[in-house]
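So you can see what is in the structure, the chains are spelled out below.
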Amino acid sequence: MNQPLIDKVALVTGGSRGIGAAIAKRLAQEGAVVAFTYTSSSQKAEDLAQAIQATGGQALAIRADSADVEAVKNAIAQTVKTFGRLDILVNNAGVAALAPIDQFSLDEFDRLIAVNIKGVFVATQEALRHMGKGGRIIMIGSINSDVVPFVGGSVYALTKGAIASFTRGLARDLGERGITVNNIQPGPIDTDMNPADGAFAEQLKKAIAIGRYGQADEIADMVAYLASPGAAFVTGASLKIDGGITA
Ligand SMILES: NC(=O)c1ccc[n+]([C@@H]2O[C@H](COP(=O)([O-])OP(=O)(O)OC[C@H]3O[C@@H](n4cnc5c(N)ncnc54)[C@H](OP(=O)(O)O)[C@@H]3O)[C@@H](O)[C@H]2O)c1
């Protein structure tokens, strides 16, 4: 089997369900040893780690809330202590909350900033202490960085816009170290966060050129590419994978 990520160690934040779980599985199939974080889905995290191990891979599930600075630092430290190195960080953990601006609470604002921005900053800074040439930082942003075709998405869009900007700056900081930084911007993907049979689904499907929601595995395919040695000249990019909803 072709395994371009053999001997690489990856950490995926928010890997127990949805897009993060598909990424963790896919990186393991590519040969990487995979650690991933989660907050509350302990059983799903355990099942995923066992599924990866059952196919001959190595996996480690770590409970770590991305909003908790010390927990994020510990997750990186535990990954490096267990597997000896860190080559790939996928900043996937994210939360959404929708409300028009006059109804958006400061507590919700702080939570979105803490998980979607501060958690990404801390994980990235900490991971970089261990990453050498060939390292990969991969963000899971959103098309809502650039388009917000519904009411109530302003704060979520703000956080994903920050990720796109952070990606560009980091690419400049890290280019000479041979570390690439890229931002995947999914459109509607069928997960618990945005189910294909949820409240917005019919309206969204009409706007998607391909006419359906994306699958988490389709995002994992792009992560596998960006993590691969063949993507060494791709950095600072925000790459949409959205079925043409922004076309
Ligand atoms: N689905 C979409 O349509 C879509 C579109 C564009 C972008 N995205 C982005 O893609 C990423 C993944 O979304 P998803 O749809 O897979 O979401 P999801 O179905 O809600 O899954 C979220 C995952 O992140 C974990 N998580 C949540 N809060 C966390 C925290 N504070 N610290 C650590 N882990 C946490 C969850 O673990 P627990 O269950 O243990 O809490 C779960 O494994 C997010 O950044 C999201 O903004 C999603």
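- As annotated in an unreviewed UniProt entry, the protein carries the name 3-ketoacyl-ACP reductase and comes from Nostoc cycadae WK-1.
- Looking at the protein in UniProt, the text filed under Sequence similarities (unreviewed entry) is "Belongs to the short-chain dehydrogenases/reductases (SDR) family."

Structural notes on the environment of Ile88
Stage number 1. Residue placement: Ile88 occurs in strand β4 (residues 88–91).
Stage number 2. Here Ile88 falls in the buried class, since its relative accessible area comes to 1%.
Stage number 3. Apart from residues no more than four positions distant in its own chain, Ile88 is found in contact with Leu5, Lys8, Val9, Ala10, Leu11, Met131, Arg136 and Ala227.

Let's talk about the UniProt feature "domain: Ketoreductase" (unreviewed entry) in the protein
Stage number 1. Those places that UniProt annotates as "domain: Ketoreductase" (unreviewed entry) correspond, in this numbering, to residues 8–187.
Stage number 2. Here residues 8–187 runs as 47% helix and 17% strand, with 29 Å between its end C-alpha atoms.

Regarding the site of the ligand
Stage number 1. Near the ligand, the surroundings consist of 31 residues, among which Thr39, Ser40, Ser41, Tyr156 and Thr191 are the closest.
Stage number 2. In the environment of the ligand, an oxygen atom lies 2.9 Å from a nitrogen or oxygen atom belonging to the backbone of Ile189.
Stage number 3. A distance of 3.1 Å is found between an oxygen atom of the ligand and a side-chain nitrogen or oxygen belonging to Asn194.
Stage number 4. Across the complex, the protein chains shield 94% of the 900 Å² of accessible surface that the ligand would expose by itself.
Stage number 5. Listing elements by their share of the shell around the ligand, those giving two or more residues are α1 (18–29) and α5 (154–174).

With respect to the side chain of Glu126
Stage number 1. Looking at the element boundaries, Glu126 is found in helix α4 (residues 106–128).
Stage number 2. Using a relative accessible area of 13% as the deciding quantity, one classes Glu126 as buried.
Stage number 3. Setting aside residues no more than four positions away along its own chain, Glu126 makes contact with Lys73 and Ile76.

Notes on α5
Stage number 1. Over its 21 residues, α5 extends 30 Å from the first C-alpha to the last, a length consistent with the 30 Å expected when each residue adds 1.5 Å.
Stage number 2. Among all positions of α5, only Val155, Tyr156, Ala157, Thr159, Lys160, Gly161, Ile163, Ala164, Thr167, Leu170, Ala171 and Leu174 are buried.
Stage number 3. Looking at the buried residues of α5, the elements they touch are α4, β5 (136–140), β6 (180–186) and β7 (238–241).

What to know about the sheet that holds β5
Stage number 1. Taking strand neighbours across the sheet as the criterion, the 7 strands line up as β3-β2-β1-β4-β5-β6-β7 in an open arrangement whose pairing is parallel. Across the chains shown, the open sheet's two edge strands, defined by having one partner strand only, are β3 (59–63) and β7. The mean angle between the axes of side-by-side strands here comes to 20 degrees, regardless of whether they run parallel or antiparallel.
Stage number 2. As paired elements, strand β2 (residues 33–38) and β3 share 5 bridges and run parallel to each other. The partner of Ala35 across the bridge, within β3, is Leu60.

Digging into the pattern of salt bridges
Stage number 1. Inspection of every chain in the model, using the stated rule, returns 9 salt bridges.
Stage number 2. Residue Arg26 is joined to Asp221 by a salt bridge in which the shortest nitrogen-to-oxygen separation is 2.0 Å. One end of the pair, Arg26, is in helix α1; the other, Asp221, is in helix α7 (residues 216–227), with 195 residues separating them in the sequence.
Stage number 3. On the basis of relative accessible area, Asp221 is assigned to the partly exposed category, the value being 40%.
Stage number 4. Note that Lys205 is salt-bridged to Glu202, the shortest N-O span being 3.3 Å. Separated by 3 residues within a single helix, Lys205 and Glu202 lie in helix α6 (residues 201–207), roughly one turn from each other.
Stage number 5. For Lys205, a relative accessible area of 24% puts it in the partly exposed group.
Stage number 6. One continuous salt-bridge network, built from bridges that share partners, spans Arg26, Glu30 and Asp221.

Procedures and definitions
- Residues numbered from 1 in each chain as written.
- Predicted model: local features only at pLDDT ≥ 70, side-chain atom pairs only at ≥ 80, totals over all residues.
- Heavy atoms only, no water.
- UniProt positions renumbered as here; feature names shortened; annotations may be inferred.
- Helix = DSSP H or I, 4+ residues; strand = E, 2+ residues; numbered from the N terminus.
- Buried < 20%, exposed > 50% of the residue type's maximum accessible area, 1.4 Å probe, protein only.
- Contact = heavy atoms within 4.5 Å.
- Near = heavy atom within 4 Å.
- Polar contact = N/O pair within 3.5 Å; in protein donor to acceptor, adjacent residues only side chain to side chain.
- Areas by Shrake-Rupley, 256 points an atom, 1.4 Å probe, with all protein chains shown as cover.
- Expected span 1.5 Å × (residues − 1).
- Pairing = 2+ DSSP bridges.
- Axes fitted to C-alpha atoms, helices over the stretch in contact; angles between N-to-C directions.
- Salt bridge = Lys/Arg side-chain N within 4 Å of Asp/Glu carboxyl O.

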